[in-house]
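Working through the structure, step by step
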Amino acid sequence: MAAVQQIAEGVNSMSIVDSGKKNRIQVSNTKKPLFFYVNLAKRYMQQYNEVELSALGMGALNNSGVFVVSLLMIFLCVLVSIATVVTVAEILKNNGLAVEKKIMTSTVDIKDDSRGRPVQKAKIEILLGKTENFDKLMAAAAEEGDGGESGEQS
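These numbers come from a predicted model, not from an experiment.

**Concerning the pattern of salt bridges**
Scanning the entire structure with this criterion turns up 7 salt bridges. We note a salt bridge from Arg 24 to Glu 125, for which the minimum N-O separation is 3.7 Å. Residue Arg 24 is found in strand β1 (residues 24-27), and its partner Glu 125 is found in strand β4 (residues 117-130); the two are separated by 101 residues along the sequence. Residue class for Arg 24 comes out partly exposed when judged on its relative accessible area of 25%. A salt bridge links Lys 93 to Glu 100; the nearest nitrogen and oxygen atoms lie 2.5 Å apart. Relative accessible area serves as the criterion here: at 26%, Lys 93 is assigned to the partly exposed category. We classify Glu 100 as partly exposed; its relative accessible area is 39%. Each of Arg 24, Glu 52, Lys 123 and Glu 125 takes part in a single network of salt bridges with overlapping partners.

Structure below.
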C-alpha cells in the first residue's frame, strides 16, 4: 500500500511541460496547397494573435537513387518548404493581415540513419503578428463570402 501511495504522490507532484508551440505551423514538402497554409495561419492569428511559420529543409536520401539526383532532390525540397513559408508570409503581409515580428534562420543537425552521420538542414522561422485592421479585414471577407449565398460554401 505504501508503494501505491508513493506512486500517487509522485504522479501528483509531476508537472507536464508542453514544449510544442500551439501557434506554430511547420510547413513540409508535402503536396498541400499554398492556401491551406495561408488559411491555417489566419485561423492561428485569430486565436493566438500571432503565428510562427517554420520550415525545415526536408528530404531523405533514397538509397536507390543516384547521389547527384538525391542531392538535387534534397535541395529542391529545402527550397519548396522554405519558399512556401516566405510566400505565405508575403501573402498575409500584402493583404494587410500580418506584420513581421521576427525572422530567424539557422541550420539544424539531423541524424541520417542511411548515412550514419548527422546532416545539416536549413531552417527558417517567421513570426507574424496581427495588424490593427486584421479583425476588420477578416470580418469583411467573411461577409463577402456569405453575401447572398443560400448557405452553401464553395
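**Here we look at the pairing of β1**
Where burial is concerned, the two faces of β1 differ: the one with Ile 25 and Val 27 is buried and the one with Arg 24 and Gln 26 is not. In the sheet, β1 pairs with strand β2 (residues 50-56) via 4 bridges, with the strands oriented parallel. Looking across to β2, one finds that Val 27 is bridged to Ala 55. For the segment spanning β1, helix α2 (residues 34-48) and β2, crossover handedness is right-handed.

**Here's the deal with the nonpolar core**
Grouped together as the largest cluster of nonpolar side chains are 23 residues, with contacts concentrated most on Ile 25, Leu 53, Leu 92 and Leu 128. Mapped by element, the contributors of at least two residues to this core are β1, α2, β2, α3 (67-94), β4 and α4 (134-146). The residues contacting Leu 92, other than those within four sequence positions of it, are Val 38, Ala 41, Lys 42, Met 45, Leu 97, Ala 98 and Leu 128.

**Quick notes on the environment of Arg 43**
As for its placement among the helices and strands, Arg 43 is situated in helix α2. Here Arg 43 falls in the partly exposed class, since its relative accessible area comes to 49%. Note: C-alpha distance between Arg 43 and Asn 23 (20 residues apart in sequence) is 9.6 Å.

**Looking at the sheet that holds β2**
The 4 strands lie next to each other as β1-β2-β4-β3, forming an open sheet whose pairing is mixed. This sheet does not close on itself; its edge strands, each paired only once, are β1 and β3 (98-112). Geometrically, the sheet is characterised by an average inter-axis angle of 20° between neighbouring strands, direction not taken into account. Bridge analysis of β2 against β4 gives 7 bridges, and the strand direction is antiparallel. What sits directly across from Glu 50, in β4, is Gly 129. In the packing of α2 onto the sheet, contacts are made with β1, β2, β3 and β4, and the angle to β2 comes to roughly 140°.

Conventions we followed
- Residues numbered from 1 in each chain as written.
- Predicted model: local features only at pLDDT ≥ 70, side-chain atom pairs only at ≥ 80, totals over all residues.
- Heavy atoms only, no water.
- Salt bridge = Lys/Arg side-chain N within 4 Å of Asp/Glu carboxyl O.
- Helix = DSSP H or I, 4+ residues; strand = E, 2+ residues; numbered from the N terminus.
- Buried < 20%, exposed > 50% of the residue type's maximum accessible area, 1.4 Å probe, protein only.
- Pairing = 2+ DSSP bridges.
- Right-handed = clockwise from strand over helix to strand, strands pointing away.
- Core = buried A, V, L, I, M, F, W, Y, C linked by side-chain atoms within 4.5 Å.
- Contact = heavy atoms within 4.5 Å.
- Axes fitted to C-alpha atoms, helices over the stretch in contact; angles between N-to-C directions.

Function-wise, these values are silent; they only describe arrangement.
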